[in-house]
Structures are given as structure tokens and as C-alpha cells.
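This is what each chain is made of:
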Amino acid sequence: MLKENEKGKNLPILFENKENCAGCSACYSICPQKAISMVEDEEGFLYPKIDHKKCIHCYKCQEVCEFSNQRKESENLSLIDIFAIKASDEERKKSQSGGLFAVLSDVILENGGVVYGCVFNEKFEAVHVRADDRKNRDLMRKSKYVQSNKSDTFCGVLEDLKKGKKVLFTGTSCEVNGLISFVEKNNKKLVENLYSVDLICHGVPSPLVWRDYLNWEQKKAKGKIKRVICRNKTFFGWHSYVTTIKFSNFRSVESVTFTNIFDNACVFRPSCYNCPYKNIHHNSDITIGDCWGIEKNIPSLDDNKGISIALVNSSKGSDLINMASKNLYMRHIEIKDYMQEPLRKALKKPDFREEFWSDYKNNDFLFIARKYCKYRPLEDLKWKIKRYLRWNLRRY
Ligand SMILES: Cc1cc2nc3c(=O)[nH]c(=O)nc-3n(C[C@H](O)[C@H](O)[C@H](O)COP(=O)(O)OP(=O)(O)OC[C@H]3O[C@@H](n4cnc5c(N)ncnc54)[C@H](O)[C@@H]3O)c2cc1C
Ligand code: SF4
Ligand code: SF4
Ligand code: SF4
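Residues numbered from 1 in each chain as written. Chains lettered and ligands numbered in written order. Predicted model: local features only at pLDDT ≥ 70, side-chain atom pairs only at ≥ 80, totals over all residues. Heavy atoms only, no water.

Looking up the protein in an unreviewed UniProt entry gives the name Coenzyme F420-reducing hydrogenase, beta subunit, with the organism given as Lachnospira multipara.

Structure below.
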């Protein structure tokens, strides 16, 4: 349905409130006039802004918006198979969960295809990029718990598909749905070569808070950040939520400050409290995540090195997983035993979200860390000692 603005000038309106825009960038990518830019708001999230002088009122931007139109009724989607999956120990060491993303993307790369996913750039901002070899694909491994900037990624995917390449795209469900809609609007047939893998998604934190958090850690350590590992399972195991940051002066910090801010849910994008993808029926080919629940349901499979859950949603997804299966341990599971919250309902907006953002604007990060992240300097020291002990006991 096309909308008019309140002055009746037939200008496109992309969203009426911020809960209706996931920032997927499909509207930005489809505009034939390049009239849309993605602009950061005061919470650090990108939103599309139309330059009405350039706009020719074609409404392609409104039509492509999968999030606010919510046209894909989840009841029409099927769930073909569900597996608990592990790659080899070597693969799992390098990945966040069971290493499934790497094994699936290997199949695409071996067939001359390309992979799109999220990396940390040199400033440790999360951004989507393209990879046509394993070295660059490996940079996509591990979860970056902050919203990724897609910039011109969707147009890159379209170009690759037009060249006849197979493309694997990974991202949150809103990113995957936005991309599928964008490709379909350009040429429905091109979707045949697009392999889409979405993540079971709790929500995405603010890039502004992430940036401020890293600067704060950097100042404390008096060194430049060299590496960030969110949920570092190497020292603490797959079940833990400790972030490791390494600095140029050889210092490092083990911290749960960002985990605590993630847990209190104030820093998520407003659309995450209104997310239509919080169910078991997804429009992607495969949905992947952490196989939470395995520790209770099949404890023998939980070695604390990571295990993935895969929801196979299409025959294309089924073919891809079959091609990858020689490098995977796979076991059929029942979805009812693995219904983690993001498969059931959207995040609840905390009652104190407004208070949080008012505090955020008026105080420094230490205040925020103390008030909202249970930060105490001794807490970091506790994790450092734990890491030291584990390293010396050679536990992984
Ligand atoms: C913000 C966020 C929230 C998540 N919430 C949950 C959850 O609630 N429950 C759950 O089961 N799993 C969740 N996951 C997924 C989980 O953490 C693993 O990423 C997933 O299981 C893949 O593991 P792997 O070992 O197969 O992949 P890896 O080899 O570790 O590869 C990581 C994959 O995630 C993608 N990725 C990393 N960061 C981002 C990002 N910021 N935006 C988009 N894509 C990204 C990469 O492109 C790559 O495909 C979340 C991931 C993210 C990024
Ligand atoms: S959800 Fe995506 S397509 Fe819709 S308005 Fe936001 S950025 Fe544009
Ligand atoms: S209506 Fe057309 S030209 Fe105007 S911003 Fe939307 S896509 Fe661009
Ligand atoms: S919770 Fe929903 S809206 Fe938020 S990033 Fe995840 S898929 Fe997108």
C-alpha cells in the first residue's frame, strides 16, 4: 500500500515510527535516484533519509520494505528439518558456535561463488563485506554483538547474481528478508542463486554504545585496540559471555561489561522490540544459532566447544546442508526442546529504556557502566585470574 505524507504531496514515507525500521538498507539500495542516505540517529542507529529534491516518486523504496510491510506471512513458510550440528574441533575453535557458517560457505566458495557476511573493520565497527576466498571469509567468523553497517552490500550481491555467481549471504533475519525483497524486486529469477542464512537473533545493540565502550576500555588500558573477541570461548567455553580485548601495549582485558549492557536490553534497536521474525518459520534457506538446550536434552553432545542449531527452511537450504554434510556431525532434534526466546517472541522493551538514554546523553561511560553494567574494576580482575588459571590448565 502506498502512503501519502500529511501534506498530501505523495512523498514516500518509509516508516512512521522507529520501531518500524530495522535499518536493513533495502530502500537505500533500490532507489534509482540515489535519493536515500542512511543517517545515524542520536542512539547511533542508521535510518534512511530521503532527499526530496532528488526523489521522482517511484515508491520503489516503500514497496521493497519487507519489515514495515511484513508481507511474508510466517504460516506460509515451512520448516523442513532441524539439526544439532558440529563441525570439526579445528573449525569450531575459530567460530562462535558449531562452525556451521564456515562449512556452508566452503561449499559456495568451492563452487566459484562468493560469500557476504559481517566483519570488524579497522575501527572495530561491524560492517558487511564480500569474500571470494577462505582467508577473507574467515574474517566473518564469530559474532559481533552490534548492528552491522550494510552500506552498498545489497547492490554488490545483486551484481554478483547478475554475473551468474552463487551467493551466500549471512546476517540477521531483517537483513536477510530485506535482501531477498531487494533481489526479488530487481529480478525474481536471480533469487535462485542466492543462498540466504539468517541468525537466530536476540537483537542488535547500538553502534554508538559499542564505540563508546571500546574507547572507554582503550583509555583505561592506555593502548590501541588490536583485537576484540566477543564471547571468547577459547578461555571460558561456549557457555560463557566474556569479551576479550587485546591492546597494542600487550595489555588485555576480560570483561562482562558489554554483556551486562546487552542483557539489560536498553541498547537494542527500537525495531528489535517489534521484530516480526521471532518464530520458527523463517524466509531464509537456513536459520542458524547456538543450540541452547543441548546441555539438558543431549548432555553428551555438549563439550562446551560450541554446537549449532540449524533450521532448514527450503529445498535449496536442504541441498546446501547435504553438500556440506561430509564435514559435519548432524543429529535430528525436535524444535519443541530448543525453543529459546528469540524463536518465540520479540524482546520486551525495558521500562527504564528512556531513563537509560537520558543518563547516556548526560553522563560519561563510567557512570553508565556502574549503573547499568554492574561494572566494578575487581570484576575484570576476577576474569583475568580465571583466564590465567584456565590457560595454564590448558582448558579450551
Ligand atoms: C547480534 C547477534 C545476536 C545473536 N543472538 C542469538 C541468539 O539469541 N540465539 C542464538 O542461538 N544465536 C544468536 N546469534 C547467533 C550466534 O551467536 C552465532 O553467530 C551463530 O550461531 C553462527 O555461529 P557459527 O559458529 O556457525 O558461525 P561463525 O563462524 O562464528 O560466523 C559468524 C556468522 O555470524 C555473522 N555475523 C556476525 N556478527 C554479525 C552481525 N553483527 N550482524 C549480522 N551478522 C553477523 C557472520 O557474517 C557469520 O556468518 C546472534 C548473533 C548475533 C551477531
Ligand atoms: S526496514 Fe529497511 S527497507 Fe524498511 S525503511 Fe528501514 S531500512 Fe528501509
Ligand atoms: S520514491 Fe523512488 S526516487 Fe523517491 S526516494 Fe523512493 S525510491 Fe527513491
Ligand atoms: S531482533 Fe529482529 S529487527 Fe532486531 S536485528 Fe534481529 S532480526 Fe532485526
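Let us look at the packing of helix H5 (residues 100–110) against helix H13 (residues 315–324). Direction vectors running N to C along H5 and H13 enclose 95 degrees, while the axes themselves pass 9 Å from each other. Relative to H13, the element H5 lies roughly perpendicular. The residues of H13 that touch H5, namely those facing Val-103, Leu-104, Val-107 and Ile-108, are Leu-320, Ile-321, Met-323 and Ala-324. Each residue belonging to the contact of H5 with H13 can be placed in one class, and the counts come to eight nonpolar, no polar and no charged. (Axes fitted to C-alpha atoms, helices over the stretch in contact; angles between N-to-C directions. Helix = DSSP H or I, 4+ residues; strand = E, 2+ residues; numbered from the N terminus. Parallel < 35°, antiparallel > 145°, perpendicular 65-115°, else oblique. Contact = heavy atoms within 4.5 Å. Nonpolar A, V, L, I, M, F, W, Y, C, P; charged D, E, K, R; others polar.)

Turning our eyes to something else, we now look at the layout of surface pockets. The calculated volume of the largest pocket comes to roughly 1,000 Å³. Surrounding the largest pocket, 47 residues form its lining, Ser-143, Tyr-145, Leu-199, Ile-200 and Asp-290 being those nearest its centre. Those elements that place two or more of their residues in the lining of the largest pocket are H5, strand E4 (114–120), strand E6 (167–172), helix H11 (257–263) and strand E11 (286–290). By residue number, the principal contributor to the lining of the largest pocket is H11, which donates four residues. Of the residues that constitute the lining of the largest pocket, the class distribution is 19 nonpolar, 20 polar and eight charged. Its boundaries defined by the atoms lining it, the second largest pocket holds a volume of some 550 Å³. (1 Å grid on protein atoms, 1.4 Å probe; cavity = no way out; pocket = protein on both sides within 12 Å on 5 of 7 lines; lining within 4 Å. Points joined across faces, edges and corners; volume = space filled by probe spheres on them.)

This part is about the site of ligand 3. Around ligand 3 sit Pro-12, Cys-31, Pro-32, Gln-33, Ile-36, Ile-50, Cys-55, Ile-56, His-57, Cys-58, Tyr-59 and Cys-61, and those are all the residues in its vicinity. The class makeup of the residues in the shell around ligand 3 is 10 nonpolar, two polar and no charged. (Near = heavy atom within 4 Å.)

With antiparallel pairing, three strands are arranged side by side in an open sheet as E8-E9-E10. Sheet topology places strand E8 (225–229) and strand E10 (252–255) at the edges, where each strand pairs with a single neighbour. Mean inter-strand twist for the sheet, computed between neighbouring axes without regard to direction, equals 15 degrees. Where E8 meets strand E9 (residues 243–247), four bridges bridge the pair, whose relative direction is antiparallel. In the strand pairing of E9, Val-228 is matched with Ile-245. Across the sheet, helix H9 (residues 207–221) touches E8, E9 and E10, and the angle it forms with E9 is around 50 degrees. (Pairing = 2+ DSSP bridges.)

Another aspect to go through is the sheet that holds strand E12 (residues 308–312). Strand order across the open sheet formed by eight strands is E5-E4-E6-E7-E11-E12-E3-E13, with mixed pairing between neighbours. Edge strands, defined here as strands with exactly one partner in the open sheet, are strand E5 (126–131) and strand E13 (329–332). The sheet shows a mean angle of 25 degrees between the axes of neighbouring strands, taken without regard to direction. On top of the sheet, helix H7 (residues 153–162) reaches E4, E5, E6 and strand E7 (194–199); it is set at about 160 degrees to E6, its chief contact.

Moving on, we get to the site of ligand 2. Around ligand 2, the structure places Leu-14, Cys-21, Ala-22, Gly-23, Cys-24, Ser-25, Ala-26, Cys-27, Pro-48, Cys-65 and Phe-67. Across the shell around ligand 2, the residue classes break down as nine nonpolar, two polar and no charged.

Moving on to the state of the cysteines. Taken as a whole and judged by the stated rule, the model has zero disulfides. Sulfur of Cys-118: no disulfide; nearest cysteine sulfur belongs to Cys-230 and is 9.5 Å away. The buried category is assigned to Cys-118, whose relative accessible area is 15%. (Disulfide = S-S within 2.5 Å. Buried < 20%, exposed > 50% of the residue type's maximum accessible area, 1.4 Å probe, protein only.)

Glancing now at the environment of Ile-229. Along the chain, Ile-229 falls in strand E8. The exposure class of Ile-229 is buried, given its relative accessible area of 8%. As for Ile-229 and Arg-269, which are separated by 40 residues in sequence, their C-alpha atoms are 22 Å apart. With sequence-adjacent residues up to four places away left out, Ile-229 is seen in contact with Lys-142, Val-242, Thr-243 and Thr-244.

Here the focus is the pairing of strand E1 (residues 36–40). Across five bridges, the pairing between E1 and strand E2 (residues 46–50) is antiparallel. Within E2, the position partnered with Glu-40 by the bridge is Leu-46. In textbook terms, the turn of a hairpin is the stretch between consecutive antiparallel strands, and for E1 and E2 this stretch comprises five residues, one of which, Gly-44, has a positive phi near 90 degrees.

Take the domain arrangement of the protein next. Domain annotation of the protein identifies domain 1 (18–69) and domain 2 (207–266 + 363–392). If you average the C-alpha positions of domain 1 and of domain 2, the two centres end up 34 Å apart. (Domains from an automatic or database assignment.)

Turning our eyes to something else, we now look at the pattern of salt bridges. On inspection of all chains with the given rule, the structure shows 28 salt bridges. Arg-141 serves as the salt-bridge partner of Glu-91, at 2.6 Å between the closest nitrogen and oxygen. Of this pair, Glu-91 sits in helix H4 (residues 89–94) while Arg-141 sits in the loop between helix H6 (134–138) and H7, placing them 50 residues apart in sequence. According to the relative accessible area criterion, Arg-141 is buried, its value standing at 6%. By sharing partners, the salt bridges in this structure join Glu-91, Asp-106, Glu-110, Arg-134, Arg-137, Asp-138 and Arg-141 into a single network. (Salt bridge = Lys/Arg side-chain N within 4 Å of Asp/Glu carboxyl O.)

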